[in-house]
Amino acid sequence: MIDSTEKSKIPSVDLEFCQVKKLNELIVHVVYVRSMLIMPEHVTKVYNTCDSIMPGRYFFMLDHLEHVQAQFHPKTLTMSADVERAERVYADAFIPHSASLKMLANFYLKMKKPKVPARAFDNVNDAMDWFKTFEIN
Amino acid sequence: MHFERILLLDDNETTIFVNTDVVEELFPNTPIISFTSSEKFIEEALKTSEWFDTPTLLLLDLNMPVKFGYEVLEELEEEIPDMDEFHVIILTSSNLMRDLERSSRFPNVIGYVEKPLTLKKLNDRLNGEI
């Protein structure tokens, strides 16, 4: 079980298109702040930032797309679904806001079949509850 | 991307005719089954479990006279517990966000296309472009 109430003192890292924040010792919160086409190199930047704030640790990723109409390039979806992520990430939760992003999340989950457990949620609380169902060492 | 079959549901026969051409071009060896009645489609779906057990794509018209596309999905969701291999692309001439929002809550809906359907639009959606 995880404790999502334990707050981190580490500040967030601002990239040009998103904010990456260590929410607690187990969760990284990625908030997309700009409408744009997200390419594989953008996601690589996010992963590298996660590595820097969670050095050598497994973590949960909370991808928040509530305020933007971000688009993901197909190559980005393929890369995100790849097995390499399973080496560092327990699970991915998406909070898509718009209808088109919900459908894109469905596409990712059903067609790309990501190696890391992933689900889309309507709100952050439901995502947090899902994270708590994972038994971690 | 491989589908065992592609289903078309649209109340307009001309649209079915045109969309069949587009689908055949993208999936030349895949069986295409078309319906102009949502009731007949649901009746057939409920007795054809392979539609939900093996990769199947449904191109679903949103605005139909008897049932809206999302009402068809609601009925399927109530009757069929596991639709993991059933994928839906919504076809719509309406860009009403309310209708799209209602359709997007179904996990089987992987995209939408504004009519008319073209090869490029279908190909883009099947590659995850929105």
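Draft legend 1. Summary view of the side chain of A:Asn24. Residue and element names in this part refer to chain A. Structurally, the position occupied by Asn-24 is in the loop between β2 (18-22) and β3 (27-32). Within polar-contact distance, the side chain of Asn-24 engages the backbone nitrogen of Leu-26 at 2.7 Å. Engagement of the side chain of Asn-24 in a polar contact is seen with the backbone nitrogen of Ile-27, the distance being 2.9 Å.

Draft legend 2. Representation of the packing of aromatic side chains in the model. Enumeration according to the criterion identifies 16 aromatic pairs over all chains in this entry. Ring geometry for A:Phe121 versus A:Trp130: centroids 5.5 Å apart, planes at 45°, classification tilted. In this structure, A:Phe121 and A:Trp130 share a single accessibility class: buried. Plain terms: the ring middles of B:Phe52 and B:Phe86 are 4.7 Å apart, the flat faces sit at 45° to each other, and that makes the pair tilted. Of this pair, B:Phe52 sits in helix α3 (residues 50-53) while B:Phe86 sits in strand β4 (residues 86-92), and the two are 34 residues apart along the sequence. Owing to a relative accessible area of 0%, B:Phe86 belongs among the buried residues under this scheme. The lysine or arginine in question, B:Arg105, covers the ring of B:Phe106, its NZ or CZ lying 4.2 Å from the ring centre.

Draft legend 3. Examining the nonpolar core more closely. Counting 48 residues, the largest nonpolar core has A:Val20, A:Tyr32, A:Val46 and B:Leu59 as its most contacted members. The contacts of A:Val46, once residues within four sequence positions are left out, are A:Leu15, A:Phe17, A:Cys18, A:Val20, A:Val30, A:Tyr32 and A:Met61. Grouped together as the second largest cluster of nonpolar side chains are 27 residues, A:Ala99, B:Leu9, B:Ile90 and B:Leu100 included.

Draft legend 4. Quick peek at the pairing of strand β1 (residues 5-9) of chain B. Residues and elements named next belong to chain B. The element β1 is largely enclosed, with a buried count of five among its five residues. Burial along β1 is two-sided: Arg-5, Leu-7 and Leu-9 facing one way and Ile-6 and Leu-8 facing the other are all buried. Relative to strand β3 (residues 56-61), β1 runs parallel, the two sharing five bridges. What sits directly across from Ile-6, in β3, is Leu-57. The pairing of β1 with strand β2 (residues 32-35) spans four bridges and is classified as parallel.

Draft legend 5. The arrangement of the interface of chain A and chain B in detail. Every contact between the two is made by 19 residues of chain A and, on the other side, 24 residues of chain B. In total, about 1600 Å² of surface goes out of reach between chain A and chain B, with carbon and sulfur atoms giving 65% of it. In this structure, the connection of chain A to chain B is made through one salt bridge. We note a salt bridge from A:Lys102 to B:Glu101, for which the minimum N-O separation is 2.4 Å. Contributions of two or more residues to the side of chain A that touches chain B are made by β6 (71-72), α2 (74-80) and α3 (99-112) of chain A. The element that contributes the greatest number of residues to the side of chain A that touches chain B is α3(A), accounting for 10 residues. Considering only residue class, the side of chain A that touches chain B consists of 10 nonpolar, six polar and three charged.

Draft legend 6. Structural context of the sheet that holds β2(A). All names here are of chain A. Spatially, six strands are ordered β1-β2-β3-β5-β7-β8 in an open sheet, and the strand pairing comes out mixed. Of all the strands in the sheet, just β1 (13-14) and β8 (118-120) have a single pairing partner and so form its edges. α3 contacts β5 (59-65), β7 (89-96) and β8 of the sheet and is inclined by roughly 150° relative to β7. In this fold helix α4 (residues 124-132) packs onto β3, β5, β7 and β8, with an angle of close to 165° to the strand it touches most, β7.

Draft legend 7. The environment of A:Leu77, seen in detail. With respect to the secondary-structure elements, A:Leu77 resides in helix α2. A relative accessible area of 5% means that A:Leu77 is categorised as buried. Between the alpha carbons of A:Leu77 and A:Asp14 there is a distance of 22 Å; along the sequence they are 63 residues apart. The contact partners of A:Leu77, leaving out residues within four places of it in the chain, are A:Phe72, A:Leu104, A:Phe107, A:Tyr108, A:Lys112 and B:Gly128.

Criteria and thresholds
- Residues numbered from 1 in each chain as written.
- Chains lettered and ligands numbered in written order.
- Predicted model: local features only at pLDDT ≥ 70, side-chain atom pairs only at ≥ 80, totals over all residues.
- Heavy atoms only, no water.
- Helix = DSSP H or I, 4+ residues; strand = E, 2+ residues; numbered from the N terminus.
- Polar contact = N/O pair within 3.5 Å; in protein donor to acceptor, adjacent residues only side chain to side chain.
- Phe/Tyr/Trp six-rings, centres within 6.5 Å; stacked < 30°, edge-to-face > 60°.
- Buried < 20%, exposed > 50% of the residue type's maximum accessible area, 1.4 Å probe, protein only.
- Lys NZ or Arg CZ within 6 Å of the ring centre and 35° of its normal.
- Core = buried A, V, L, I, M, F, W, Y, C linked by side-chain atoms within 4.5 Å.
- Contact = heavy atoms within 4.5 Å.
- Pairing = 2+ DSSP bridges.
- Buried area = accessible area lost by both parts, 1.4 Å probe.
- Salt bridge = Lys/Arg side-chain N within 4 Å of Asp/Glu carboxyl O.
- Nonpolar A, V, L, I, M, F, W, Y, C, P; charged D, E, K, R; others polar.
- Axes fitted to C-alpha atoms, helices over the stretch in contact; angles between N-to-C directions.

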